[in-house]
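Structural features, examined
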Amino acid sequence: MVGLNPDPPFDLEEALVACLRVGKLKLPPYPAVALRLSAIARKDDYSIAEIVAAISADPVTAAGVLRCANSAFFSRGAKITTLPQAVGWLGAQEIVRISLASALAATTTSAGGLQALKRQAWHGSVASALICQELARLRVLNIEEAFLCGLLHDFGWVVGISLLEELLAQRPEVPAQDAAHLSAMLSRLHVEIGLVIAARWNLPAVFSDVFSLHHDATPGQGAHGSVVEVVAASDQVVALLAHHSSVSAEELKRVSALTRPEREAIAAILPDIPAVIASFEGTPPKAAPSKLVEPTPLPDGFRPLSAPVKIVQPAARGDYSVVGIASQSFRMEGRWPLTLNQLVECELAVEPAPLRLWAKVVRCSPQGDGFGLEVKPFALNGAALKQWNSLFRAQSPV
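In this report, we go over the structure that sits alongside the text. No experiment lies behind these values; they were computed from the predicted model shown.

Calculation notes
- Per chain, residues are indexed from 1 in the order of the written sequence.
- Residues qualify for local features only when their pLDDT is at least 70, as the model is predicted, and side-chain atom pairs are given and counted only at 80 or more; totals for whole chains, interfaces and linings, by contrast, use all residues.
- As a rule here, side-chain values cover all heavy atoms of the structure and leave hydrogens and water aside.
- Numbering of helices and strands starts at the N terminus; helices are DSSP runs of H or I of at least 4 residues and strands are runs of E of at least 2.
- To get the radius of gyration, use the C-alpha atoms; to get the globule rule, take the number of residues to the power 0.38 and multiply by 2.2 Å.
- Each residue gets one of three labels from its accessible area relative to the maximum for its type: buried under 20%, exposed over 50%, partly exposed in between, using a 1.4 Å probe on protein chains only.
- Whether two residues are in contact is decided by their heavy atoms, any of which lying within 4.5 Å being enough.
- Reported accessibility uses the Shrake-Rupley method at a 1.4 Å probe radius. Residues are deemed covered only where the shown protein chains occlude them.
- Here Asp and Glu are counted as negative and Lys and Arg as positive; His is not counted, and neither are the chain ends.
- By convention, charge coordinates are those of NZ in Lys, CZ in Arg, CG in Asp, or CD in Glu.
- A side-chain nitrogen of Lys or Arg and a carboxyl oxygen of Asp or Glu constitute a salt bridge if their distance falls within 4 Å.
- A cavity here means a set of 1 Å grid points, computed over protein atoms only, where a 1.4 Å probe fits but cannot escape. A pocket is an open set with protein on both sides within 12 Å along at least 5 of 7 lines, and lining residues have an atom within 4 Å of a point.
- Grid points are joined across faces, edges and corners, and a volume is the space filled by probe spheres set on the points.
- In this classification, the charged set is Asp, Glu, Lys and Arg, the nonpolar set is Ala, Val, Leu, Ile, Met, Phe, Trp, Tyr, Cys and Pro, and all remaining amino acids, among them Gly, are polar.
- Here, the term nonpolar core denotes a set of buried Ala, Val, Leu, Ile, Met, Phe, Trp, Tyr and Cys residues that are joined through side-chain atoms within 4.5 Å.
- Strand pairing is assigned whenever DSSP identifies at least 2 bridges connecting the two strands.
- To obtain each axis, a line is fitted to C-alpha atoms, and for helices this fit is confined to the stretch in contact; angles are then taken between N-to-C directions over 0 to 180 degrees.
- Throughout this description, any angle smaller than 35 degrees is read as roughly parallel, any larger than 145 degrees as roughly antiparallel, any in the 65 to 115 degree range as roughly perpendicular, and the remainder as oblique.
- Note on terminology: disulfide denotes any pair of cysteine sulfur atoms within 2.5 Å.

This brings us to the overall build of the chain. In terms of regular secondary structure, the chain is built from 16 helices and six strands. Taken over the C-alpha trace, the chain has a radius of gyration of 22 Å; the compact-globule value for 398 residues is 21 Å, and the two agree within 12%. Expressed as lengths along the three principal axes of its C-alpha atoms, the size of the chain is roughly 80 × 65 × 45 Å. Per-residue burial over the chain gives 50% buried out of 398 residues. For the chain, restricting intrachain contacts to residue pairs at least 6 apart in sequence, the fraction spanning at least 24 positions comes to 65%. Counting every atom, the chain has about 18,400 Å² of accessible surface; 56% of that belongs to carbon and sulfur. Charged side chains in the chain number 34 positive and 37 negative. The centres of these two groups are separated by 4 Å.

On inspection of all chains with the given rule, the structure shows 15 salt bridges. Across the pair E165 and K118 runs a salt bridge whose closest N-O atoms are separated by 3.0 Å. A residue pair is termed long-range when its members are at least 10 positions apart, and E165 in helix α10 (residues 155-170) and K118 in helix α8 (residues 115-139) qualify at 47 residues. Each member of the pair E165 and K118 is classed as buried. Put simply, E347 and R356 hold a salt bridge, and the shortest N to O gap is 3.7 Å. For E347, a relative accessible area of 28% puts it in the partly exposed group. Salt bridges sharing common partners tie together R139, E229 and E262.

So, on to the environment of F74. With respect to the helices and strands, F74 occurs in helix α5 (residues 72-75). Judged by its relative accessible area of 3%, F74 is buried. Beyond its immediate stretch of four places on either side in the chain, F74 contacts C68, A69, W89, L90, E94, I98, L130, Q133 and V276.

So, about the layout of surface pockets. Within this model, the largest pocket holds a volume of roughly 1,500 Å³. Lining the largest pocket are 46 residues, with Q120, A242, H243, N341 and K360 positioned closest to its centre. Of all the elements in the fold, those that place two or more residues in the lining of the largest pocket are α8, α10, α11 (179-200), α13 (225-243), β5 (355-367) and β6 (370-377). At eight residues, α8 tops the list of elements feeding residues into the lining of the largest pocket. The residue inventory of the lining of the largest pocket, partitioned by class, reads 24 nonpolar, 14 polar and eight charged.

Our next topic: the nonpolar core. For soluble globular proteins, nonpolar side chains are generally found buried alongside one another. In this structure, W122, L151, F155, L164, L252 and F280 are the most contacted members of the largest nonpolar core, which totals 106 residues. Examining the composition of this core, we find that twelve residues originate from one element, α8, more than from any other. When sequence neighbours within four positions are dropped, the list of residues in contact with F280 reads R67, C68, I98, A101, S102, A105, W122 and V126.

The subject of this paragraph is the sheet that holds β5. Taken in spatial order, the six strands of this closed barrel run β1-β2-β3-β6-β5-β4, and their pairing is antiparallel. Pairwise comparison of adjacent strand axes, ignoring direction, gives a mean angle of 45° for this sheet. Examined bridge by bridge, strand β1 (residues 303-313) and strand β4 (residues 343-348) share four bridges and lie antiparallel to one another. Pairing of K310 across the sheet is with E347, part of β4. Lying over the sheet, helix α16 (residues 382-394) contacts β1, β2 (320-325), β3 (330-334), β5 and β6, oriented at roughly 55° with respect to β5.

To continue, consider the packing of helix α2 (residues 32-41) against helix α3 (residues 48-56). The geometry of α2 relative to α3 is characterised by a closest axis approach of 9 Å and an angle of 175° between their N-to-C directions. Comparing their axes, α3 and α2 come out roughly antiparallel. Note on element contacts: α3 touches α2 through E50, I51, A54 and I55, opposite V33, R36, L37 and I40. Residues of the contact of α2 with α3, tallied by class, amount to six nonpolar, no polar and two charged.

If you walk through the whole model with that rule in mind, you get zero disulfides. Left without a disulfide partner, C132 is nearest to the cysteine sulfur of C149, which lies 7.7 Å away. For C149, a relative accessible area of 0% puts it in the buried group.

Time to look at the pairing of β4. Of all six residues that make up β4, five are buried, and the element is covered over most of its length. As judged from the six bridges shared by β4 and β5, these two strands associate in the antiparallel manner. Residue pairing for β5: E347 is matched across the bridge by R356. Between β4 and the antiparallel strand that follows it, β5, lie six residues.

Structural data, given as structure tokens:
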């Protein structure tokens, strides 16, 4: 009797490629509110009331626009409490850009087994958009085009991760996945996915050029080489942000495409980017069962530190306690979990003055009756970095 051949082992990348090849790639629709706003802003005689009405039709987008408008990056110290005030302060074109990002954020922050990876990809997209916007201003390029190219050029990551979530949900027997392995997979496929997005959304040709060329950008490349170069430079800055708690103008010398004035301008805006990213997220969704392997602890080198810490944004159910500090991260404990790769604004009650900073949750594990967390400062400004380094040096090594 001939035995049945066993089913071949499930290969996640093969399944993803198969979906891509046969056109089963599910895409969110291009946000309707952004389309309406773009049409209004192109008119010569639009009114603030028209802009406000279009945004108000989508309450989630409206809330995101107000949160974003009040971030230091956009508000420049003003207190913005209404949509008409936001439109009058920022202008129609800025509001169109913010509204698109706010509408897309709902897709990228939705609950799922790979939520942490989606969040990480989205953070990079928002940071890239803001950096592209600043570079376009300095280079006298189309600011809206540069912002949107920065925001969307790696959206293939988000769509690819969402499809991987669906594939894993259909195969519950597949074990948890290593984040680095999935990232390598998506690195190979996100450009192809991005080109599908450009075609399905009927985006202008500049987007296809940026999607396909930004990893191999050379000066003057193609019809849209100036925009490709801006996006490629933003990618390098975002990579530095991912690996360093603070990025100065001096460190931006590693990005060869940037001039000295550009390095200084970009370094100046980086500390304001975390608040913009956080404003798009709103209230974090209820965490879904993770399909990622538990992150490994950061390298040793922590020094004991005991101090209360308050989560300022988003609103937390209670306070936490710092128990250790390293050169680029700290450990804390609390009764409530935080979401992996979530951005939080913290205030550490340390001497001689409280230290307020934005940080990213890189590990959250059950510990006793609560949770132990490792948190990495993100885009510190010069004063916060100086205080952080002083605090670390003041603690005695174990």
